[in-house]
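Residue-level structure breakdown
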Amino acid sequence: MYKDTVNFIKKQFPSQDFIPLHEPRFVGNEKKYVLDCIDSTFVSSVGKYVDDFEKQLAAYTGARYAVACVNGTAALHMAMIVAGVKENEIVITQALSFIATSNAISYLQASPVFIDVDTETLGLSPDSLKEYLQQHGVRKDDGFTYHKVTGQRIAACVPMHTFGFPCRIVEILAICQQYNIALIEDAAESIGSYYKGSHTGTYGLMGTFSFNGNKTITCGGGGAIITNDERLAKKAKHLTTQAKLPHRWDFVHDEIGYNYRMPNINAALMCAQMEQLDFFLTKKRELAKRYQEFFEGSPIKFVTEPADSKSNYWLCAIILENETERDKFLEYTNENGVMSRPVWKLMNKLKMFENCLKDDLKNSTRLASTLVNIPSSVIIK
Ligand SMILES: Cc1ncc(COP(=O)(O)O)c(C=O)c1O
């Protein structure tokens with residue numbers, strides 16, 4: 001079976017000897033826009049491309065505002081600052097996520113609490129979230145929810161749309177509203193993914209994206225925050241640009257700011273990539289369909305988009321029968337020119353986060369030992 005899988009994958013990517021997990025495609029106006037940006041000399045944080053990109057991203061996602069950032073981690077950090085997360089508060093998230101989600105929480109000296117994921121969506125489970133808050137949360141007179149044992153305020157919840165599969169964000173939003181917890185969607189992986197007809201990242205107070213080189217569209221390193229809230233958008237833009245007050249020549253900064261704005265030269269690349277996003281998504285969904293047909297009836301389960309959602313299939317994923325099979329699959333594919341990778345180590349297994357609060361993480365634990373990502377790049381013949 002593993003030999004057939006390797007042959008099938010190689011057939012999809014015929015021009016390559018070694019097939020990576022995900023590589024970028026620069027087949028549009030990338031060079032043209034980057035050269036134009038260089039000629040303009042506006043390569044840093046001011047320029048037409050960065051403004052254009054923000055407008056395009058807002059229009060594409062249906063959010064009212066977009067704030068371009070240097071990367072997805074900075075976008076997450078900024079979103080949490082703007083949402084009012086403070087030192088020693090709690091931010092609920094997934095143990096099954098890329099490290100950046102928990103790192104951004106830690107930059108604020110806040111503590112992540114790890115809640116289980118759904119097996120269908122691979123994202124934060126609203127059922128587990130509800131259960132955790134019923135058991136451990138208490139609403140106080142100031143309107144906020146606090147942890148019954150630690151006394152910490154539960155300031156935010158950051159679910160993640162894993163590999164581009166939308167989590168049950170409507171249900172999560174309802175719970176966050178009930179407990180007055182700020183919802184920030186880590187949509188780093190899910191540009192072009194929709195839940196119940198709306199783009200991921202638009203349900204929360206804010207949503208954040210990554211445009212790292214391994215993502216569906218990329219500018220090398222980049223990120224963004226989207227929101228419908230003008231005040232939050234303005235605050236994020238201000239803080240990502242060193243909190244500098246507008247003035248014709250003087251340098252006045254009214255608070256501690258950050259150098260988190262996406263440079264114009266990266267935004268030039270982003271503008272070209274945005275033009276190709278729909279084409280890339282079509283190609284990625286076609287590949288996912290071929291994978292789905294290939295794995296049908298086999299002991300390997302191909303992960304398909306959950307109910308009520310449209311996935312960008314950023315990274316295609318399969319689930320092996322058990323950990324032994326998972327390891328055999330990883331060994332065989334990587335030995336034979338096809339890159340495959342296990343899912344990230346659960347955050348609670350890393351030494352920095354091993355003492356964090358968590359629920360039973362039943363689904364996360366199973367997925368961590370059986371899920372594998374397989375090559376998912378856009379195929380352009
Ligand atoms: C879920 C998730 N969150 C955050 C990030 C951070 O983005 P960046 O690498 O652009 O900082 C990434 C990816 O890199 C990610 O996959």
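Look above for the structure.
Not measured: the values here are computed from a predicted model.

**Description of helix α5 (residues 99-107)**
Among all positions in α5, only Ala100, Thr101, Ser102, Ala104 and Ile105 are buried. Looking at the buried side of α5, the elements it contacts are α4 (72-82), β2 (90-94), β3 (111-115), β6 (154-158) and β7 (182-186).

**Topic: the sheet that holds β2**
What the seven strands build is an open sheet, ordered β1-β11-β10-β7-β6-β2-β3; its pairing is mixed. Only two strands of the sheet have a single neighbouring strand rather than two, namely β1 (65-69) and β3. The mean inter-strand angle of the sheet, taken between neighbouring strand axes irrespective of direction, is 25°. Bridge count for β6 against β7 is two bridges, and the pairing is parallel. Bridge pairing in β7 links Cys157 to Leu183. Against the sheet, α4 contacts β1, β2, β6, β7, β10 (206-210) and β11 (223-227), and its axis sits at roughly 165° relative to β10.

**Let's talk about the sheet that holds strand β13 (residues 309-310)**
If you trace the three strands from one edge of the open sheet to the other, you get β9-β8-β13, paired in antiparallel fashion. Of all strands in the sheet, those bounded by a partner on one side alone are β9 (198-199) and β13. Bridge count for strand β8 (residues 194-195) against β9 is two bridges, and the pairing is antiparallel. If you follow Tyr194 over to β9, its bridge partner there is His199.

**Observations regarding the environment of Ile191**
Tracing the chain through its elements places Ile191 in the loop between β7 and β8. As for Ile191 and Val91, which are separated by 100 residues in sequence, their C-alpha atoms are 23 Å apart.

**Comments concerning the site of the ligand**
What surrounds the ligand is a group of 15 residues, the closest being Gly72, Thr73, Ala100, Ala188 and Ser210. Among the elements of the structure, α4 and α5 are those that each provide at least two residues to the shell around the ligand. Ranked by residue count, the leading element in the shell around the ligand is α4, at three residues. Across the shell around the ligand, the residue classes break down as five nonpolar, eight polar and two charged.

About the thresholds
Residues numbered from 1 in each chain as written. Predicted model: local features only at pLDDT ≥ 70, side-chain atom pairs only at ≥ 80, totals over all residues. Buried ≥ 20, exposed ≤ 12 C-beta atoms within 10 Å, placed from the backbone. Helix = DSSP H or I, 4+ residues; strand = E, 2+ residues; numbered from the N terminus. Contact = placed C-beta atoms within 7 Å. Pairing = 2+ DSSP bridges. Axes fitted to C-alpha atoms, helices over the stretch in contact; angles between N-to-C directions. Near = placed C-beta within 6 Å. Nonpolar A, V, L, I, M, F, W, Y, C, P; charged D, E, K, R; others polar.

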